[in-house]
Amino acid sequence: RQQFSFPSIFIYGHTSSGKTYVMQTLLTTLQLPHVFVNCVEFFTSRLLLEEILIQLQSCSGTEQASPVRCDNLNDFVRLFKQALATRELQDQTLYIVSRFILVSSLIPAKRVAEQLREMEANILPAFLRLQELTDRNVTVVLLSEIVWELFRPNIGCFEPFTMYFPDYSIGHLQKILSQNHPPEYSADFYAAYINILLGVFYMVCRDLKELRHLAALNFAKYCEPVVKGEANERDTRKLWKNIEPHLKKAMQTVYLREIS
């Protein structure tokens, strides 16, 4: 914790591939001082810089985070050094985790990247070498669904260490989704249902959040023959025949939320 780490890390991957969850769990479990900001929620440079400073007050042990005025990057560097003056933060690396996310699938990824780049010409390059500017033990972690090439400023900048989070495999999705089985049904029964669901949707949708929504949406239809007493939990053939038309209809409207 006392050693200087790499100044900036760029983590990218498809939506719902565990980037944010892994970072939050890692930082919380290891009890590392960190700041977590969403660059879409704080959409101007002033809002972004002030939010980081407010969260830093909490990390440094300040009882009540007071409003901070930060008009430019020079003010931010000065106030940042003041916030890190406590011994606790001087002795270990501080992590600033920024999320660059797509607000909507209808907005092109390139446009989102351009919007963030145009926040101010010096913001992204400054974050990438914040360790050098502040002479403090700080690492900036950028989380994104977009590749680094779309973020790279035209004027050039310090290249972050890039890390790719691959999509979940069908085995991973099966294991994760099966954990949500209702208590009134056995784990094997729900796992068989998830297998059927993934068999239909895996080729067109690998978004964990969307698959979880589809699983919750269609489970009642899958259980219908069991509830009516027409089949038991092991009659997978009968259960499949009952739900097959419903799943095919649902597959045509993935992401559109037309089936309720």
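The preceding data block contains the structure.
Residues numbered from 1 in each chain as written. Predicted model: local features only at pLDDT ≥ 70, side-chain atom pairs only at ≥ 80, totals over all residues. Heavy atoms only, no water.

(A) Quick look at the pattern of salt bridges. By the definition in use, this model includes nine salt bridges. For Glu224, the salt bridge identified is with Lys221, shortest N-O distance 3.5 Å. With Glu224 and Lys221 both in helix α11 (residues 208-228), this residue pair falls three residues apart, about one helical turn. Judged by relative accessible area, which is 25%, Glu224 ranks as partly exposed. The partly exposed category is assigned to Lys221, whose relative accessible area is 29%. Where Glu244 meets Lys248, a salt bridge forms, and the shortest distance between an N and an O atom there is 3.2 Å. Taken together, the residues Glu244 and Lys248, both in helix α12 (residues 236-251) and four residues apart, mark about one turn of the helix. (Salt bridge = Lys/Arg side-chain N within 4 Å of Asp/Glu carboxyl O. Helix = DSSP H or I, 4+ residues; strand = E, 2+ residues; numbered from the N terminus. Buried < 20%, exposed > 50% of the residue type's maximum accessible area, 1.4 Å probe, protein only.)

(B) Region of the structure containing α12. Remark: the principal bend of α12, roughly 40 degrees, maps to Ile243, with a proline, Pro245, within the next four residues. Listing the buried residues of α12 in full gives Leu239, Ile243, Leu247 and Ala250. Elements that come into contact with the buried residues of α12 comprise α10 (187-201) and α11. (Bend = angle between axes of the 7 residues up to and from the residue. Contact = heavy atoms within 4.5 Å.)

(C) Looking closely at the environment of Phe10. Checked against the element boundaries, Phe10 lands in strand β1 (residues 8-13). Expressed as a C-alpha distance, the spacing of Phe10 and Glu159, which sit 149 residues apart in the sequence, is 9.1 Å. Apart from residues lying up to four places away in sequence, Phe10 is in contact with Leu142, Ser144, Ile146, Val147, Trp148, Phe151, Pro160, Phe161, Thr162 and Met163.

(D) Spatial organisation of the environment of Val147. Locating Val147 in the fold gives a position in the loop between β4 (138-144) and α8 (148-151). Spatially, the C-alpha atom of Val147 lies 9.9 Å from that of His14, the residues being 133 residues apart in sequence. In contact with Val147, other than residues within four places in its own chain, are Phe10 and Tyr12.

(E) Geometry of the packing of aromatic side chains. By the definition in use, this model includes 17 aromatic pairs. Ring plane angle 65 degrees and centroid distance 6.1 Å describe the contact between Phe6 and Phe161, whose orientation is recorded as edge-to-face. With Phe6 in the segment before β1 and Phe161 in strand β5 (residues 161-165), this residue pair connects regions lying 155 residues apart in the sequence. Aromatic side chains Phe76 and Phe80 sit 5.5 Å apart centroid to centroid with 40 degrees between the ring planes, which places their arrangement in the tilted category. With Phe76 and Phe80 both in helix α3 (residues 73-83) and four residues apart, the pair spans about one turn of that helix. (Phe/Tyr/Trp six-rings, centres within 6.5 Å; stacked < 30°, edge-to-face > 60°.)

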